Amino acid sequence: MMNMIVDPSMISMANYSMMPSMISPDSTVIPPEGGMIMNPVKEIIHCKSCTLFPPNPNAPLPSTRERPPGCRTVFVGGLPENITEEIIMEVFDRCGEITTLRLSKKNFCHIRFMYEACIDAAIYLSGYRIRIGSNSDPPNTGRLHVDYAQARDDQYEWECKQRQLQREQRHRERMEEERLRPPSPPPVVHYTDHEAASVAEKIKQDETFTKAVQIVVTWLERGDCNKRNSNNFYSMIQSTNSHVRRLLNEKCQYEEELKKAKEIMKGRMQGILLQFSQIERLFLAACHKKVWDHFTKAQRKNIETWKKQSMEIKNVQLDDIRSEKADDEMDVSDEEEPSKKKHKHESSSTNEINALKDENESLKCQMEAYKNEVEVIKIDYKKELEDKEKQFKMLQQTLIGMQQQLSETKKKNSEEELKIKELQAKLKAKNVKNQNIDKDIIDLDSEPEQQDASPDSLYEANSSNNSPLQECDAKLIGVISAFLNVHPFGAGLDYIWSYVSKFGNNLRPSDIELLMTRYPMVFRQEVIGIGANIERRWFFNGFSANST
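Residues numbered from 1 in each chain as written. Predicted model: local features only at pLDDT ≥ 70, side-chain atom pairs only at ≥ 80, totals over all residues. Heavy atoms only, no water.

Chemist: I'm lost on the overall build of the protein chain in this one. Help?
Modeler: Scanning the protein chain from terminus to terminus reveals 14 helices and 12 strands. Buried residues in the protein chain amount to 22% of all 548 residues. For the protein chain, contacts bridging at least 24 residues in sequence account for 64% of all contacts bridging at least 6. (Helix = DSSP H or I, 4+ residues; strand = E, 2+ residues; numbered from the N terminus. Buried < 20%, exposed > 50% of the residue type's maximum accessible area, 1.4 Å probe, protein only. Contact = heavy atoms within 4.5 Å.)

Chemist: Sorry if this is basic, but what is going on with the pairing of strand β11 (residues 523–528) here?
Modeler: Side-chain positions along a regular strand alternate between the two faces of the sheet. When β11 meets strand β12 (residues 535–540), the two strands line up antiparallel, connected through 6 bridges. Residue pairing across strands places F523 opposite F540, the latter belonging to β12. Linking β11 back to β12 in an antiparallel pair, the connection comprises 6 residues, with G529 at a positive phi of about 105°. (Pairing = 2+ DSSP bridges.)

Chemist: Explain the packing of helix α5 (residues 209–222) against helix α6 (residues 230–241) to me, please; I cannot follow it from the model alone.
Modeler: Between two packed helices, the angle of one axis relative to the other and the distance separating the axes together describe the packing. Contact pair α5 / α6: the axes reach a minimum separation of 11 Å and the direction vectors enclose 140°. In this view, α5 runs oblique relative to α6, as classed from their interaxial angle. Crossing hand, α5 versus α6: left-handed. Counting all contacts with α5, which are made through F209, V213, V216, W219 and L220, the residues of α6 involved are F233, M236 and T240. Among the residues forming the contact of α5 with α6, the class breakdown is 7 nonpolar, 1 polar and no charged. (Axes fitted to C-alpha atoms, helices over the stretch in contact; angles between N-to-C directions. Parallel < 35°, antiparallel > 145°, perpendicular 65-115°, else oblique. Left-handed = near helix turned anticlockwise from the far one by under 90°. Nonpolar A, V, L, I, M, F, W, Y, C, P; charged D, E, K, R; others polar.)

Chemist: What is the right way to look at the packing of helix α12 (residues 471–486) against helix α14 (residues 509–518) in this model?
Modeler: Between α12 and α14, whose axes approach to 11 Å, the crossing angle comes to 85°. Considering the angle they form, α12 stands roughly perpendicular to α14. The segment α12 lies against α14, with D473, L476, I477 and I480 engaging I512, L515, M516 and R518. Partitioning the contact of α12 with α14 into residue classes produces 6 nonpolar, no polar and 2 charged.

Chemist: Before we go on, may I ask you to explain a positive patch on the surface in this structure?
Modeler: On the surface, a cluster of positive charge is made up of R163, R167, R170 and R174. Its place among the elements puts R163 in helix α3 (residues 152–180). Residue classification places R163 among the partly exposed positions, given a relative accessible area of 40%. (Patch = residues over 30% accessible without salt bridge, like charges linked within 9 Å, V, L, I, M, F, W, Y side chains within 5 Å. Areas by Shrake-Rupley, 256 points an atom, 1.4 Å probe, with all protein chains shown as cover. Salt bridge = Lys/Arg side-chain N within 4 Å of Asp/Glu carboxyl O. Lys, Arg positive; Asp, Glu negative; His and termini not counted. Charge placed at Lys NZ, Arg CZ, Asp CG, Glu CD.)

Chemist: Mind showing me how you'd approach the packing of aromatic side chains here?
Modeler: Here a ring pair, both rings aromatic, is described through the centre-centre distance and the interplanar angle of the planes. Going through the model one piece at a time under the given rule, you end up with 7 aromatic pairs. Considering the side-chain rings of Y191 and F233, the 5.2 Å spacing of their centres and the 20° angle between planes classify their relative orientation as stacked. Highlighted residues: Y191 in the loop between α3 and α4 (193–204) and F233 in helix α6, separated in sequence by 42 residues. Note on Y191: relative accessible area 14%, which makes it buried. The buried category is assigned to F233, whose relative accessible area is 2%. Measuring from ring centre to ring centre gives 5.2 Å for F483 and Y495, while their planes differ by 85°; the resulting arrangement is edge-to-face. Placement of F483 in helix α12 and of Y495 in helix α13 (residues 493–500) is noted, with a sequence separation of 12 residues between them. For F483, a relative accessible area of 6% puts it in the buried group. By relative accessible area, Y495 is classed as partly exposed at 45%. The structure contains a cluster of three or more aromatic residues connected by ring pairs, namely F483, Y495, Y499 and F503. (Phe/Tyr/Trp six-rings, centres within 6.5 Å; stacked < 30°, edge-to-face > 60°.)

Chemist: Help me out: how do you make sense of the nonpolar core in this one?
Modeler: Proteins that are soluble and globular tend to have nonpolar side chains buried together. Membership of the largest hydrophobic core comes to 32 residues, with the highest contact counts inside it found for V74, V76, V91, F92, I111 and F113. Breaking this core down by element, the ones donating at least two residues are β4 (50–53), β5 (73–77), α1 (85–92), β6 (98–103), β7 (108–113), α2 (118–124), β8 (129–132) and β10 (145–148). The element that contributes the greatest number of residues to this core is α2, accounting for 6 residues. Sequence-distant contacts of V91, that is, excluding residues within four places in its chain, are made with C47, C50, L52, L125 and I130. Grouped together as the second largest cluster of nonpolar side chains are 17 residues, L484, I496, L515 and M516 included. (Core = buried A, V, L, I, M, F, W, Y, C linked by side-chain atoms within 4.5 Å.)

These figures capture arrangement, not role.
Here it is as structure tokens:
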């Protein structure tokens, strides 16, 4: 519904051009479809270069097509042949701000306004007769036909605006949903051994039991349980199962408290009923004729109303108590409903049996859990015993080996000491014989000593000169000297012994070593190699420059 306003440009004239009011330009406001006019009477509109004459008021309203959504463009037909864009702008500029105007040579044009509300004012001019100047010839006159035009630009802008409104609506709905949505629970931590230990401790406490159980449930649903950590999960499940007995005890305590509260309530209700009965007796005594006549009418009315109120309250309380008794106790006589009593007893007995069965099943489950724990502990204990036995056996074997090595080394040391003693006795006997008997003895150590010899070598030479040389020792010295002369890089004791043993001598490597050490001027021992490759070799020293 739109009101009529006076055109400000026509105030100085005698006639006022009547135009429909225009809404303040606002792109966000969508006007109602089809502007309806309160006053259908149209008057003459005077412009600078033309004049607009209204149509016959009895004539029907000009027909228009259906208004497209977001329409801001109008079609103007019936224009005079001598019309110009300036005249059209002068006529339709009063309807609102014009953005584009397209004039055709076939006496029509399209006008696009800035706002949708301007279209209603332009449609109001449909049916007016236009006259350019004061000429009334056909090229300067025409009848305007203004109608809605379907423009692609208008439709595109309207669709963009609708999409924007839908986006805003969706945003508002989303914000409302987020505001009404309950807060999401805190995220559950991932499974680790440390977290499992802390959750197991929380399960044992009554305050943090629910949160800890929720964490364990999420871990199990995620599939974090495996063979490696199955014992941890089993211990947590066992600790949660231990709360069943606690909950049953709490339930029994709450039931006992409820029973006590009911008994207290019954006692207090009985006291209230006694007080109501005393009040009733008081009202009955007040209504006695001897007393009733002494009260005034107003006092009697008040007493009667009080009596009625107390009786009504008492009846209501009695009805409530009776209903509670009927619900709780279900008192039924044996003569009228014996079958109901039997059913009650049967139901109570079945409930007790079911409770006993549940307790028995829970105890069985606990026994199985304890058995499984005992088996697991036994298996772990057996493994530990087996490991300890293996370690003990290894230690025993190492001790036996060390004892054997010690016994072998002791035997070797005793044998060597005996050999040394025997050799010393032999040497003494030989020295005594050599002093008593003068024989020709080949002494390989009789060569003159070098001047630069050390005192130790001189001492060894003197000791060797004093000791006589037997025939078998001389043969051995000759054979060993020939063998070592062939081997200029030296030879080991075992290699020398293997060569000498071919001649049938029953000698040991230690005998050969003692013989060669007695004559250092003939045989020389050197250490060759580094680290684990160290080797002792004997060299023939009879023809060397250092020998004396």
